[in-house]
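Secondary and tertiary structure notes
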Amino acid sequence: MTTQITDMLGRPVRDLRISVTDRCNFRCTYCMPAEVYGERYHFLPREAILSYEETARLTRLFVDLGVSKVRITGGEPLVRQGLEQLVAMLDSIDGIDDLTLTTNGYLLAEHAETLRSAGLRRVTVSLDTLDPEIFGVMNGKGYSPEAVLDGIAAAERAGFDPIKINAVVERGVNDHTVLDMVRRFKGTGHIVRFIEFMDVGTLNAWQRDKVVPSAELVEQVNAVFPIEPLAPNYRGEVAERWRFLDGDGEVGFISSVTQPFCGDCNRVRITPQGEVVTCLFATGGTDLKTPLRSGESDDELRDRIANIWRARTDRYSELRASLQATETRKIEMFQIGG
């Protein structure tokens, strides 16, 4: 039976994000800048990463404690072989109402059908701009957006619905291409969501003046494509939803910097090497791999997880200004997903 636990601020645990690899085929400037993560960078060895069986076992324990939504992330999750095996394992767990994947979409065309057949229910694709030159710079590899668009089309054919498309917006980089994204996907049934540039990790050269407030983007979109706000689908939903007045779908805005949503945050993360991380902006995690591989029982592991969550007090985005003055290093985004 599920035992719903809450943290020190009364927030339940609902959303589990599982990073299955620290590797990625992109070198996005806001996540894994190429000048740091070049050819000589040493990623985690295979034996250091949780097996799919270990990941599924931990997921069951999180579900016992109240998790009902599971998202597979990376790095780029599709670079890990046999991902459909994990999807099938997770799909078999009673209590998971939403099983989804976040991907940069570059490999999605060849995997969409297999993932859908294995039980994946939704997919979110990262696509920061449709401009080939800007996209090539932002992904750090010079890749064209065409492969990502092919992946989105393949996901649609496979039956994924809705498909969400995330775009990180940086002032002076891709903010002038926002309307092109809206125009391209309006009326397709896909939902574009614009994300404020966040200070995840310590290597992405984040500066406050690079953030384009969502309120500014709402005005920009509304001036060309009139929109009105929608109620959230559920408490703790990170994106503010807006519908097009002509009925051609919706668009979303994620405002972690200018409108923090820490008060309703119910997300917990597992790193590839089996650490529990309770905040996207955390400085570290708690090791579960060692007790897992040392033979602890499900009851012991479940109690360990519950105690981690019950002690949680994280609200970095609400305290950003004061914490930035004292912070040392934060976990990088590629280690815990978005």
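Please refer to the structure higher up on the page.
Residues numbered from 1 in each chain as written. Predicted model: local features only at pLDDT ≥ 70, side-chain atom pairs only at ≥ 80, totals over all residues. Heavy atoms only, no water.

This part covers the overall build of the chain. From N to C terminus, the chain includes 11 helices and 12 strands. Here the chain has a C-alpha radius of gyration of 19 Å; the compact-globule value for 338 residues is 20 Å, and the two agree. Within the chain, buried positions represent 55% of all 338 residues. Split by element, the accessible area of the chain, about 14,600 Å² in all, is 48% carbon and sulfur. Side-chain charges in the chain split into 40 positive and 50 negative, and the spacing between the mean points of these groups amounts to 2 Å. (Helix = DSSP H or I, 4+ residues; strand = E, 2+ residues; numbered from the N terminus. Rg over C-alpha atoms; globule rule 2.2 N^0.38 Å. Buried < 20%, exposed > 50% of the residue type's maximum accessible area, 1.4 Å probe, protein only. Areas by Shrake-Rupley, 256 points an atom, 1.4 Å probe, with all protein chains shown as cover. Lys, Arg positive; Asp, Glu negative; His and termini not counted. Charge placed at Lys NZ, Arg CZ, Asp CG, Glu CD.)

Another aspect to go through is the pattern of salt bridges. Counted according to the given criterion, the structure contains 17 salt bridges. Three or more residues joined by partner-sharing salt bridges are found here, namely Asp7, Arg11, Arg312 and Asp314. (Salt bridge = Lys/Arg side-chain N within 4 Å of Asp/Glu carboxyl O.)

Let us now look at the pairing of strand β5 (residues 163-169). When you tally the buried positions in β5, you get seven out of seven residues, the bulk of the element. Of the two faces of β5, the one lined by Ile163, Ile165, Ala167 and Val169 and the one lined by Lys164, Asn166 and Val168 are each fully buried. In this structure, strand β4 (residues 122-126) lies alongside β5, joined through four bridges in parallel fashion. Counterpart to Val125 in the pairing with β5 is Ile165. A crossover links β5 with its parallel partner strand β6 (residues 191-196), the connecting element being helix α6 (residues 178-185), and its sense is right-handed. (Pairing = 2+ DSSP bridges. Right-handed = clockwise from strand over helix to strand, strands pointing away.)

Looking now at the packing of helix α1 (residues 52-64) against helix α2 (residues 83-91). Interhelical geometry of α1 versus α2 gives an angle of 25° and a closest axis separation of 10 Å. By the criterion of interaxial angle, the relationship of α1 to α2 is roughly parallel. At the point where α1 passes α2, the crossing takes the right-handed sense. In this structure, α1 contributes Tyr52, Glu53, Thr55, Ala56, Thr59 and Arg60 to the contact, and α2 contributes Leu83, Gln85, Leu86, Met89 and Leu90. (Axes fitted to C-alpha atoms, helices over the stretch in contact; angles between N-to-C directions. Parallel < 35°, antiparallel > 145°, perpendicular 65-115°, else oblique. Left-handed = near helix turned anticlockwise from the far one by under 90°. Contact = heavy atoms within 4.5 Å.)

Quick look at the packing of aromatic side chains now. For any pair of aromatic rings, geometry is given as the distance between the ring centres together with the angle between the planes. Applying the stated rule across the entire model yields six aromatic pairs. Pairing Phe26 with Tyr106 gives two aromatic rings, centres 5.8 Å apart and planes at 65°, and the pair type is edge-to-face. Of this pair, Phe26 sits in the loop between β1 (15-19) and α1 while Tyr106 sits in the loop between β3 (98-103) and α3 (108-118); the two residues are 80 residues apart in sequence, bridging distant segments of the chain. On the basis of relative accessibility, which here comes to 28%, the residue Tyr106 falls in the partly exposed class. Measuring from ring centre to ring centre gives 6.0 Å for Phe194 and Phe253, while their planes differ by 35°; the resulting arrangement is tilted. Taken together, the residues span a long stretch of sequence, with Phe194 in strand β6 and Phe253 in strand β9 (residues 250-254) at a distance of 59 residues. Like Phe253, Phe194 is buried. Taken together, Phe26, Tyr106, Phe135 and Tyr143 form an aromatic cluster joined through their ring pairs. When the ring centre of Phe160 is taken as reference, the NZ or CZ atom of Arg116 above it lies at 5.3 Å. The residue whose ring lies beneath Lys186 is Phe244, and the NZ or CZ to ring-centre distance is 5.2 Å. (Phe/Tyr/Trp six-rings, centres within 6.5 Å; stacked < 30°, edge-to-face > 60°. Lys NZ or Arg CZ within 6 Å of the ring centre and 35° of its normal.)

With that settled, the discussion passes to the packing of α3 against helix α5 (residues 146-158). Their axes nearest at 8 Å, the elements α3 and α5 cross at an angle of 20°. One way to sum up the angle between α3 and α5 is to call them roughly parallel. Handedness of the crossing formed by α3 with α5: right-handed. Contacts from Leu108, Ala109, Ala112, Glu113 and Arg116 in α3 reach Asp150, Gly151, Ile152, Ala154, Ala155 and Ala158 in α5. Within the contact of α3 with α5, the residues separate by chemical class into seven nonpolar, one polar and three charged. (Nonpolar A, V, L, I, M, F, W, Y, C, P; charged D, E, K, R; others polar.)

Everything listed is a geometric property; what it means functionally is a separate question.
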